[in-house]
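Observations on the model geometry
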Amino acid sequence: MSKIAFIGLGVMGYPMAGHLASQGHQVYVYNRTMAKAEAWQGAHGGHVAISPSEAALTADFVCICVGNDDDLRSVCYGDQGVLAGMAAGSTLIDHTTASAQVAREIAVIAGQQGVGFIDAPVSGGQAGAENGALAIMCGGSVEDYLRAEPIMQAYAKTTTHLGPVGNGQLTKMVNQICIAGLVQGLAEGVAFAINAGLDAKQALGAISAGAAGSWQMHNRGNTMVDDEFEFGFAVDWMRKDLAICLNEAQNNGSELPVTQMVDGFYEQVQAHGGNRWDTSSLLRRLPRKDKL
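A brief report on the enclosed structure follows.

Observations concerning the overall build of the chain
On a plain count of helices and strands, the chain comes out with 13 helices and nine strands. When its C-alpha atoms are laid out on the principal axes, the chain stretches across 65 × 45 × 35 Å. Split into buried and exposed, the 292 residues of the chain put 51% on the buried side. Across the chain, contacts joining residues at least 24 apart in sequence account for 65% of those joining residues at least 6 apart. Looking at the chain as shown, the accessible area adds up to about 12900 Å², and 53% of this sits on carbon and sulfur atoms. Between the mean site of the 18 positive side-chain charges and the mean site of the 28 negative ones, the chain shows a separation of 5 Å.

Structural notes on the environment of Gln-41
Mapping Gln-41 onto the fold places it in helix α2 (residues 34–44). Residues Gln-41 and Ala-21, 20 residues apart in the sequence, show an inter-C-alpha distance of 9.9 Å. Sequence-distant contacts of Gln-41, defined by excluding residues within four places in its chain, comprise Gly-46, His-47 and Val-48.

Points about the packing of aromatic side chains
Tallying each qualifying case throughout the model produces zero aromatic pairs. Its guanidinium or amino end placed over the ring of Phe-231, Arg-220 lies 4.4 Å from that ring's centre, counting from NZ or CZ. The ring of Phe-265 carries the charged tip of Arg-285 above its face, separated from the ring centre by 3.6 Å.

A short note on unusual backbone geometry
Non-glycine residue Thr-58 carries a positive phi angle of around 65°. Mapped onto the fold, Thr-58 is located in the loop between α3 (52–56) and β4 (61–64). Although it is not a glycine, Asp-227 adopts a positive phi angle of roughly 60°. Take Asp-227: it is sitting in the loop between α11 (215–225) and α12 (235–252).

Digging into the side chain of Ser-2
Secondary-structure assignment places Ser-2 in the segment before β1 (3–7). Look past the residues within four positions of Ser-2 in its chain and what remains in contact with it is His-25, Gln-26, Asp-60, Phe-61 and Ile-151.

Some points on the sheet that holds β4
Ordered in space as β3-β2-β1-β4-β5-β6, the six strands form an open sheet in which the pairing is parallel. Here the strands that pair on one side only, and so sit at the sheet edges, are β3 (47–48) and β6 (116–119). Looking at chain direction, strand β2 (residues 26–30) and β3 are connected through two bridges and run parallel. Paired with Tyr-28 across the bridge in β3 is His-47.

About the cut-offs
- Residues numbered from 1 in each chain as written.
- Predicted model: local features only at pLDDT ≥ 70, side-chain atom pairs only at ≥ 80, totals over all residues.
- Heavy atoms only, no water.
- Helix = DSSP H or I, 4+ residues; strand = E, 2+ residues; numbered from the N terminus.
- Buried < 20%, exposed > 50% of the residue type's maximum accessible area, 1.4 Å probe, protein only.
- Contact = heavy atoms within 4.5 Å.
- Areas by Shrake-Rupley, 256 points an atom, 1.4 Å probe, with all protein chains shown as cover.
- Lys, Arg positive; Asp, Glu negative; His and termini not counted.
- Charge placed at Lys NZ, Arg CZ, Asp CG, Glu CD.
- Phe/Tyr/Trp six-rings, centres within 6.5 Å; stacked < 30°, edge-to-face > 60°.
- Lys NZ or Arg CZ within 6 Å of the ring centre and 35° of its normal.
- Pairing = 2+ DSSP bridges.

Spelled out as structure tokens, the structure:
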């Protein structure tokens, strides 16, 4: 068993850290809101640290799952950051969905003090984190990946090594680009079914086993019909992710017309107070006969 620090106990990090504790690892947690860390300790045992550096002190592995590039830098750098507490030979596993640029930046600084680094964003949502069934996309050296893989298996359904540092984040961008188009298509299909007078749930059931089927359809189709949008991944976070995708597309010469359009649709959802609605709330901006 290893000593592991886990930094960030949001809807994803809280259960992920819990899986590590349940497997017998010695887990030290840090969260900006101390009450959340104390609640985690009450549920899972382990230890609460007052700073990222304290959590990381003598840890074999440090896992991070925070909000964005700035949050990531704030818990990595400085006297209170994890790198101040990590020793040579330890490994930093970053599960934040962030830019490839910040992943490469942190990897260089970590490497200067002999710390391994893996950028390892996750997909699968809150349910995937709670069920230990996340898909994890990893960038880094083969040696660092093989060292980190057994730790990530505590909450992963799959882990994939995709090449050097940054490739995990780039693959997560591919994931978010694909999801954006899928959710918009599903929203349009649901609205069309309702406006055409179909039983929308029955229609989704009829097509879900065919070429149109997807995770989004299986897990969000019926809740969209029921106008329920209180699930794990919020519109605010999706817009953060899509901004990363669009910025990277400018860097590598890609055109993302659908992604850019859907990002604008999410901006409309935010304008109607849907910041914390689930991403399937794209349906809310479409005219539907059941809502007239």
